[in-house]
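Single-letter residue listing:
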Amino acid sequence: MNKRPGIWFYIFLVVFVFFVMFPFIWVFLTSIKPPGEIFNNFKWFTSNPSLESYENALTNRPLVRYMMNSFIISSLTTIIAIGFASIAAYALTRLPIRFKGLILGVILAASMFPQIAIISPIYNFITAVGLRNSYMGLVIPYITISLPLAIWILATFFQKIPWELEESAKLDGATPFQTFRKVIFPLAAPGVFTTGILVFIAAWNEYLFALTINTEDTWRTVPVGISFYQSQFTIPWGDISAATVIVTIPIVILVLIFQRRIVAGLTSGSVKE
């Protein structure tokens, strides 16, 4: 018989959740304060909640344009990265290729390079091919960053799929690509979906490449766009907080809608062989 958690467990859980959520709570409470109260006091709650900061966040800067840019770039990055990573992970885990461990090690080593170390050659390449201030100018470096990690994650999912299923497909005359498309990929769908969510969120939050490559205001993404809310003499924390809340909502909704698939992907390693 399982013992129920005691009162101290729930107290610890409440405190833990509070500390984790504290930055988000503080940002939201700041966003609904009148601008004059943000600097005048440090009260948690305001007696005069206002949506003025949300109005300023949407009108003073093209926040909707920033969100559209981030959504398009993140979606293209996710689709292309998952496509290439799925094929590469299948080849490295299911096909008779020599030096698989060495190849995976090199891929993992590539993912460990800090962004600042590779931004110079990538910037020169993007400039040379004329892709600055464009969607593909950011999709290419984002794929460079996300592809190694996506291959590693998907490789762990593909390894858990029973070999008997693949052998049955080969006996039926299926080619390796047909086996991948009709057998392996559908069975690994939870893992693919989880990897896609992680790639999408990473691309949505990326700052360094977006700041360096897309310098025109109409091509900026959400993180860079919000960082430019500050004026010459003041920092409008209310507008920044409101913009932060607005751009966080789509990611939260995305995770809430697909949380079951994400959990299924994270636990799919329990497939019995």
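Residue numbering note: each chain is counted from 1, following its sequence as written. Owing to the predicted nature of the model, reporting of local features is limited to residues with pLDDT of at least 70; listing and counting of side-chain atom pairs is limited to 80 or more, with chain, interface and lining totals taken over all residues. The side-chain quantities take in all heavy atoms of the structure and omit both hydrogens and water.

(A) Spatial organisation of the nonpolar core. Ile151, Leu154, Phe158 and Ile184 are the most contacted members of the largest nonpolar core, which totals 21 residues. The secondary structure listing takes helices from DSSP runs of H or I that are at least 4 residues long and strands from runs of E that are at least 2 residues long, numbered from the N terminus. Elements with a contribution of two residues or more to this core: helix H4 (63-94), helix H5 (100-111), helix H7 (136-159), helix H9 (176-187) and helix H10 (189-205). When residues in this core are grouped by element, the largest group, 6 residues, is from H4. When residues no more than four places from it in sequence are discounted, the contact partners of Ile151 are Ala85, Ala88, Ala89, Leu92, Leu104 and Ile107. As used here, the term nonpolar core means buried Ala, Val, Leu, Ile, Met, Phe, Trp, Tyr and Cys residues forming a set that is joined through side-chain atoms within 4.5 Å. Only protein chains enter the accessibility calculation, which uses a 1.4 Å probe. A residue is then buried if its area is under 20% of the maximum for its type, exposed if over 50%, and partly exposed in between. By the convention used here, residues are in contact when the closest approach between their heavy atoms is within 4.5 Å.

(B) Quick peek at the confidence of the model for the chain. Confidence of the prediction at every residue is given by pLDDT, a number between 0 and 100. On average, the chain scores 82 in pLDDT, and the residues at 70 or more come to 91%. Confidence, expressed as mean pLDDT per element, reaches its minimum in the chain at helix H14 (residues 259-266) with 63 and its maximum at helix H11 (residues 208-213) with 91. Across residues 269-273 the pLDDT falls below 50, and counting only partners more than four positions away or on other chains, this stretch makes 7 contacts in the model.

(C) Region of the structure containing the packing of H10 against helix H13 (residues 237-257). Between the N-to-C directions of two axes lies an angle of 0 to 180 degrees, each axis being a line fitted to C-alpha atoms and, for a helix, fitted only over the stretch in contact. Orientation of H10 relative to H13, taken along the N-to-C sense of each, is 175 degrees, at an axis distance of 12 Å. When the axes of H10 and H13 are compared, the pair comes out roughly antiparallel. Seen from H10, the contacting residues are Ile197, Phe200, Ile201 and Trp204; seen from H13, they are Val247, Ile251, Leu254 and Val255. The cut-offs work like this: below 35 degrees is roughly parallel, past 145 is roughly antiparallel, 65 to 115 is roughly perpendicular, and the gaps in between are oblique.

(D) Fine view of the side chain of Thr179. Within the secondary structure layout, Thr179 lies in helix H9. When sequence neighbours within four positions are dropped, the list of residues in contact with Thr179 reads Tyr90, Glu166, Ala169, Ala174 and Ile184.

(E) The arrangement of the pattern of salt bridges in detail. Salt bridges are counted wherever a side-chain nitrogen of Lys or Arg sits within 4 Å of a carboxyl oxygen of Asp or Glu. Inspection of the entire model under this criterion finds 2 salt bridges. A salt bridge links Arg220 to Asp217, with the shortest nitrogen-to-oxygen separation between them at 2.9 Å. Under the relative-accessibility criterion, Arg220 is labelled buried at 12%. Exposure remark for Asp217: the relative accessible area of 27% places this residue in the partly exposed category.

(F) Representation of the packing of H4 against H9 within the structure. Remark: H4 packs on H9, axes separated minimally by 11 Å, with the N-to-C direction vectors making an angle of 105 degrees. What the angle tells us is that H4 and H9 run roughly perpendicular. Contact residues: H4 offers Ser86, Ile87, Tyr90 and Arg94, while H9 offers Pro176, Thr179, Phe180, Ile184 and Phe185. For this classification, Asp, Glu, Lys and Arg are treated as charged, while Ala, Val, Leu, Ile, Met, Phe, Trp, Tyr, Cys and Pro are nonpolar and the rest, including Gly, are polar. Its residues assigned to classes, the contact of H4 with H9 comprises 6 nonpolar, 2 polar and 1 charged.

(G) Local environment of the packing of aromatic side chains. The pairing test for Phe, Tyr and Trp rings, Trp by its six-membered ring, is centres within 6.5 Å, and the orientation test on the planes gives stacked under 30 degrees, edge-to-face over 60, and tilted for anything in between. Inspection of the entire model under this criterion finds 7 aromatic pairs. Seen in terms of ring centroids, Phe71 and Phe200 are 6.2 Å apart; in terms of plane orientation they differ by 70 degrees. Their pairing is edge-to-face. Here the residue Phe71 occupies a position in helix H4, and Phe200 occupies one in helix H10, the gap between them amounting to 129 residues. An aromatic cluster is present here, built from Phe18, Phe19, Phe22 and Trp26 joined pairwise through their rings. Throughout this description, the term charge over a ring refers to an Arg CZ or Lys NZ atom that lies within 6 Å of the ring centre and within 35 degrees of the ring normal. Cation over ring: Arg65 sits above Trp219, and NZ or CZ is 5.7 Å from the ring centre.

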